[in-house]
Amino acid sequence: AKEQGRGVYRFFSPDLDDRVHARLQLENDLRSAMDNNQLYLHYQPLMDLASGECIGTEALLRWSHPELGIISPVDFIPVAEETGLILPIGNWVLRTACTQAKKWFDAGKSNFRMAVNLSRRQLDYDGLAIDVKRILEETQCPANLLELEVTESSAMQNPEQAIVILNSLHEMGICLALDDYGTGYSSLAYLKRFPFDRLKIDRSFIDGIPTDADDMSIVQTTIILARQLRLNVLAEGVETQAQCDFLKLHGCDEIQGYLYAKPMSSEDVEKRFDYKNYS
Ligand code: C2E
Ligand code: CA
Ligand code: CA
Ligand code: CA
């Protein structure tokens with residue numbers, strides 16, 4: 001195992017036995033993580049390019065492991081998916097994020113959206129819409145504050161079923177975003193059959209601005225097509241002013257990335273954006 005930047009722990013071992021062992025250990029630990037309050041959320045601010053304002057956050061799951069430190073969701077979400085633990089964990093994420101969204105709503109941020117990631121397995125689960133509805137009721141969070149993010153590959157796993165589930169969520173007033181756009185193989189024309197409100201252009205294309213001509217064309221074309229399909233467009237992983245300028249010039253609606261803000265605690269979001277005193 002190896003420590004990787006900013007104290008985030010990633011598994012790194014060429015030895016298969018070690019990896020299998022680490023994996024089993026991780027699975028066991030994950031089972032108790034929720035009960036032991038080791039999971040928490042960070043919130044990454046989303047910025048509207050026209051106004052320069054923070055218009056919401058994306059909730060990102062973190063695991064503070066007693067021995068290993070902070071484990072990246074990239075490492076434990078797949079384990080949670082395979083074991084089915086993603087269902088209770090996913091509900092915990094939804095409940096926590098909706099509770100936070102309601103708090104900010106009550107503090108005066110009435111249009112402030114809370115984006116939550118849905119895993120492939122959650123999208124496959126028949127009870128998803130019922131669970132989401134119950135969580136919205138329990139937390140008193142207005143449905144239109146919640147946005148659910150679904151990756152292109154999850155949506156395309158079983159597209160007909162995904163369309164049905166997403167339609168029922170959309171009818172409840174929840175917003176839907178297509179996450180990591182461009183990393184799968186589906187066309188936007190096909191994806192338009194899904195009730196998405198927003199498209200999030202994957203970070204890998206934003207990385208290429210302003211040096212990679214292909215990436216720039218892809219981003220530019222995606223923005224044009226998305227707008228024609230009446231989808232709002234957000235660019236992920238914006239790290240430089242040059243990328244921000246390019247996206248603004250080409251009509252992108254929103255950005256998310258280290259340039260504007262990294263994922264942070266709810267307290268830090270409040271400090272930075274002065275929510276407590278918002279009127
Ligand atoms: P994602 O949904 O694409 O989330 C965006 C990821 O990009 C986050 O990584 C965020 O910290 C990172 N990021 C944001 N801005 C920048 C930037 O400017 N540069 C770079 N290099 N990275 C940036 P994170 O938090 O490690 O999450 C990784 C993935 O784990 C997420 O990718 C998502 O697929 C998954 N994930 C996180 N939380 C949850 C959750 O609650 N449920 C589910 N199902 N998946 C989650
Ligand atoms: Ca996401
Ligand atoms: Ca993404
Ligand atoms: Ca991504």
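Look a little higher up for the structure.
Owing to the predicted nature of the structure, the values given are computational and were not obtained by experimental measurement.

**Focus on the site of ligand 1**
Right, so step 1: Every one of the 22 residues lining ligand 1 counts as a neighbour, but Q44, R62, R203, E239 and Y258 are closest to it.
Right, so step 2: Separating a nitrogen atom of ligand 1 from a side-chain N or O atom of Q44 is a distance of 3.1 Å.
Right, so step 3: When isolated, ligand 1 has an accessible area of 800 Å², and the protein chains bury 84% of it.
Right, so step 4: Listed by contribution, the elements that provide at least two residues to the shell around ligand 1 are β4 (54-65), α2 (73-83) and β8 (175-181).
Right, so step 5: When residues in the shell around ligand 1 are grouped by element, the largest group, 4 residues, is from β4.
Right, so step 6: Residues of the shell around ligand 1, tallied by class, amount to 10 nonpolar, 5 polar and 7 charged.

**Observations regarding the packing of aromatic side chains**
Right, so step 1: By the definition in use, this model includes 6 aromatic pairs.
Right, so step 2: Aromatic side chains Y43 and W104 sit 5.6 Å apart centroid to centroid with 70 degrees between the ring planes, which places their arrangement in the edge-to-face category. Linking Y43 in strand β3 (residues 39-48) with W104 in helix α3 (residues 86-106), this pair joins segments that are 61 residues apart in sequence.
Right, so step 3: A ring pair is formed by W63 and F76, whose centres lie 5.5 Å apart and whose planes are at 85 degrees; its orientation type is edge-to-face. One end of the pair, W63, is in strand β4; the other, F76, is in helix α2, and 13 residues separate them in sequence.
Right, so step 4: Each member of the aromatic cluster is reached from another via a ring pair, and the members are Y43, W104 and F112.

Conventions used here
- Residues numbered from 1 in each chain as written.
- Chains lettered and ligands numbered in written order.
- Predicted model: local features only at pLDDT ≥ 70, side-chain atom pairs only at ≥ 80, totals over all residues.
- Heavy atoms only, no water.
- Near = heavy atom within 4 Å.
- Polar contact = N/O pair within 3.5 Å; in protein donor to acceptor, adjacent residues only side chain to side chain.
- Areas by Shrake-Rupley, 256 points an atom, 1.4 Å probe, with all protein chains shown as cover.
- Helix = DSSP H or I, 4+ residues; strand = E, 2+ residues; numbered from the N terminus.
- Nonpolar A, V, L, I, M, F, W, Y, C, P; charged D, E, K, R; others polar.
- Phe/Tyr/Trp six-rings, centres within 6.5 Å; stacked < 30°, edge-to-face > 60°.

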